[in-house]
Every structure is written in structure tokens, then in C-alpha cells.
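Residue strings, one per chain:
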Amino acid sequence: LFCIMRYSRQEIFNEIGKKWQEKLSKRYVAIVGLGALGSVSAELLARAGIGKLILIDRDIVELSNLQRQSLYDENDVGKPKAFAAKEKLSGINSEIKIEFFIDDLNFKNIEKILNIKNIDLILDCTDNLETRFLINDFSIKNKIPFIYSSAVGSKGYVFNMIPEKTNPCLRCFLKEAAQLDTCETYGVLNSITHLISSIQASEAIKILLNKDYEKNLVYFDVWKNEMIKIKVNKNKNCECCAGNN
């Protein structure tokens, strides 16, 4: 009865139902970065009944995080985020499996941590381009879908990367770059991080259930209530795509 009642409101949603809810319980999702975006996306997916979550983050919870990282509270300050998130999510949904890594994802450990046999989807919730490109290249090489998300100030982006020959990857439209604005240097509203995580989690469920997902780059400015969908074309000169076709 406990299991039946937990997802009852989600199951009566026409796009899911009991059949697709059962499929969600067999899906594995890796979340890289458990800050403002990753912690909220992880919570939403845990509550939605994703079968297993793999959590990766090297940082600890700081007091300044609590303004927007609603999975944590004052008792978590000083704890590794991956460990604190695992504790909280296990209390939210004890039926799902959760594995965590207190580590910096890099080219030396990515193959071990993101075991391609046990991953259906990767959520990129990081805050630096080097790690984003690492995830991008790994995903394209191993044909694992991933969802890019970012937020700073009042603005945020979400983009689904589905490894197919005609689809663009992250390197097709993001350059090896100049330093980007961060929450630490530019500030951030907690409403935009929650909004972007909600969009990311919704897209994750669509992809995991083989439903129609958003094909465009989604941009939202919560201060101006402005939403734009941007078509991204595949870059024929992209080194990642060219090397993995």
C-alpha cells in the first residue's frame, strides 16, 4: 500500500500512468554537481521514483548555499554535499537506490564513476566549462543522453543532448572560453535555480520514458518573465561530433 500510494498522483497523470511509472523505477540517472541545480533536480527525481541516483560532488555545504539549495539545512553545513544529499534523499524516498561520490569528476575517474552499463541519463549541474565538456565528450562517445543546465543572476538555460548523428552537442554552440559569470561573482536568485531544475527534471523524465523531449535550447529570465527557445544547429567543424560519428 505504501508503494502504491506514493506515486498515485503521478500515475493518474495521462502521460505517465502505472506502466511508465514502473519503467521509471528501473532507470538510473547520474547527477554531476549537487549545488543549486543538482540538489533540486535530485530531489525532484527521487520523489518521482527514479530507480537509482548516482550523486557526484566534491564540495561541502556552506551557509551561503542555503539561500537556494533547499535540499540542505543548517545542520548540513560542513558536510560533503554528496553525503548530505544522500542522507536527505534516503529520508524522502527509501525505495530508491542512491550511490554517492565525494570527488571531483575528471578524465581519470569518469569511466569508473559513470559506468556506462548502469547509466541511462546524465544531468550536468556543474558550474565550470571544463567539467561540462568532459561530460559532453564522455556522453557522445558512449551514446548516453545528458541534459545541460546553468543558472546565474536571474537567467538560466536547459538543453537536451541526445547522441545521434544529426543532433548538436555542447561543443557545437559553447566555445572553450573566457571565464563565465558564476553565482559567486554575479549573484543568483533562488527562483531561477528552482525553475531551471524543474525544467531539467521534467525533460529527464521525458527522455527516460522515450517521450517527446524539447529539441531547442531553452532560456528563461525569471526577473523579466522572458522565455525563449533557441534552435541549435550541429557544427560541422565540431571536433567531438566528428570524432564520434
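In the block above lies the structure referred to throughout.
In this report, the structure presented in the accompanying data block is examined. Just so you know, these numbers come straight off a predicted model, no measurement behind them.

### Things to note about helix 4 (residues 38–48)
Okay, so step 1: Of all 11 residues that make up helix 4, 9 are buried, and the element is covered over most of its length.
Okay, so step 2: Every buried residue of helix 4 is listed here: Gly38, Ser39, Val40, Ser41, Ala42, Glu43, Leu45, Ala46 and Ala48.

### Points about the packing of helix 4 against helix 9 (residues 190–208)
Okay, so step 1: Packing of helix 4 against helix 9 brings their axes to within 8 Å, and their N-to-C directions diverge by 40°. One way to sum up the angle between helix 4 and helix 9 is to call them oblique. Considering the relative orientation of helix 4 and helix 9, their crossing is right-handed. Contact residues: Val40, Ser41, Leu44, Leu45 and Ala48 in helix 4; His194, Ser197, Ser198, Gln200, Ala201, Ala204 and Ile205 in helix 9.
Okay, so step 2: Within the contact of helix 4 with helix 9, the residues separate by chemical class into 7 nonpolar, 5 polar and no charged.

### Describing the environment of lysine 165
Okay, so step 1: Positionally, lysine 165 belongs in the loop between strand 6 (155–161) and helix 8 (183–186).
Okay, so step 2: For lysine 165, a relative accessible area of 62% corresponds to the exposed category.
Okay, so step 3: Sequence separation between lysine 165 and serine 94 is 71 residues, and the spatial gap between their C-alpha atoms is 39 Å.

### Some details on the nonpolar core
Most often, soluble globular proteins keep nonpolar side chains buried together rather than apart.
Okay, so step 1: Counting 42 residues, the largest nonpolar core has Val29, Ile31, Leu45, Leu53, Leu55 and Leu123 as its most contacted members.
Okay, so step 2: For this core, the secondary structure elements donating two or more residues are strand 1 (28–32), helix 4, strand 2 (52–56), helix 5 (81–92), strand 4 (121–124), strand 5 (146–152) and helix 9.
Okay, so step 3: At 8 residues, helix 9 tops the list of elements feeding residues into this core.
Okay, so step 4: Excluding anything up to four places from it in sequence, leucine 45 contacts Val29, Ile50, Leu53, Leu123, Ala201, Ala204 and Ile205.
Okay, so step 5: In terms of nonpolar packing, the next biggest core, distinct from the first, is built from 24 residues, Ile56, Ile144, Leu217 and Val232 among them.

### Considering unusual backbone geometry
Okay, so step 1: The backbone of lysine 143 sits at a positive phi, close to 55°, despite the residue not being glycine.
Okay, so step 2: You can see lysine 143 is positioned in the loop between helix 7 (129–142) and strand 5.
Okay, so step 3: Here the phi dihedral of asparagine 225 falls at roughly 50°; this positive angle occurs in a residue that is not glycine.

### Description of the packing of aromatic side chains
Okay, so step 1: Summed over all chains, the structure comprises 4 aromatic pairs.
Okay, so step 2: Each ring, one from tyrosine 148 and one from phenylalanine 173, has its centre 6.3 Å from the other, and the planes form 75°; the classification is edge-to-face. With tyrosine 148 in strand 5 and phenylalanine 173 in the loop between strand 6 and helix 8, the pair connects residues that are 25 residues apart, well separated along the chain.
Okay, so step 3: These aromatic residues form a ring-pair network of at least three members: Tyr148, Phe159 and Phe173.
Okay, so step 4: Sitting above the plane of the phenylalanine 133 ring, arginine 171 keeps its charged end 4.4 Å from the centroid.

### A closer look at a nonpolar patch on the surface
Okay, so step 1: Residues Phe83, Phe100 and Ile102 make up a contiguous nonpolar surface patch of about 240 Å² in total accessible area.
Okay, so step 2: Of note, phenylalanine 83 is situated in helix 5.

### A few points about helix 3 (residues 17–24)
Okay, so step 1: Buried within helix 3 we find Gly17, Gln21 and Leu24. The buried residues of helix 3 occupy one face: seen down the axis, they fall within an arc of 70°. Along helix 3, exposed side chains directed more than 90 degrees from the buried face belong to Lys18 and Lys19.
Okay, so step 2: The inward-facing, buried residues of helix 3 abut helix 2 (8–11), helix 4 and helix 9.

### Quick notes on the side chain of arginine 68
Okay, so step 1: Relative to the elements of secondary structure, arginine 68 occurs in the loop between strand 2 and helix 5.
Okay, so step 2: A distance of 3.0 Å separates polar atoms of two side chains, one belonging to arginine 68 and the other to glutamine 67.
Okay, so step 3: Dropping the residues within four chain positions of it, arginine 68 is found in contact with Ala36, Val40, Val188, Asn190, Thr193 and His194.

What counts and how
Residues numbered from 1 in each chain as written. Predicted model: local features only at pLDDT ≥ 70, side-chain atom pairs only at ≥ 80, totals over all residues. Heavy atoms only, no water. Buried < 20%, exposed > 50% of the residue type's maximum accessible area, 1.4 Å probe, protein only. Helix = DSSP H or I, 4+ residues; strand = E, 2+ residues; numbered from the N terminus. Axes fitted to C-alpha atoms, helices over the stretch in contact; angles between N-to-C directions. Parallel < 35°, antiparallel > 145°, perpendicular 65-115°, else oblique. Left-handed = near helix turned anticlockwise from the far one by under 90°. Contact = heavy atoms within 4.5 Å. Nonpolar A, V, L, I, M, F, W, Y, C, P; charged D, E, K, R; others polar. Core = buried A, V, L, I, M, F, W, Y, C linked by side-chain atoms within 4.5 Å. Phe/Tyr/Trp six-rings, centres within 6.5 Å; stacked < 30°, edge-to-face > 60°. Lys NZ or Arg CZ within 6 Å of the ring centre and 35° of its normal. Patch = residues over 30% accessible without salt bridge, like charges linked within 9 Å, V, L, I, M, F, W, Y side chains within 5 Å. Areas by Shrake-Rupley, 256 points an atom, 1.4 Å probe, with all protein chains shown as cover. Salt bridge = Lys/Arg side-chain N within 4 Å of Asp/Glu carboxyl O. Arc of directions from axis to C-beta. Polar contact = N/O pair within 3.5 Å; in protein donor to acceptor, adjacent residues only side chain to side chain.

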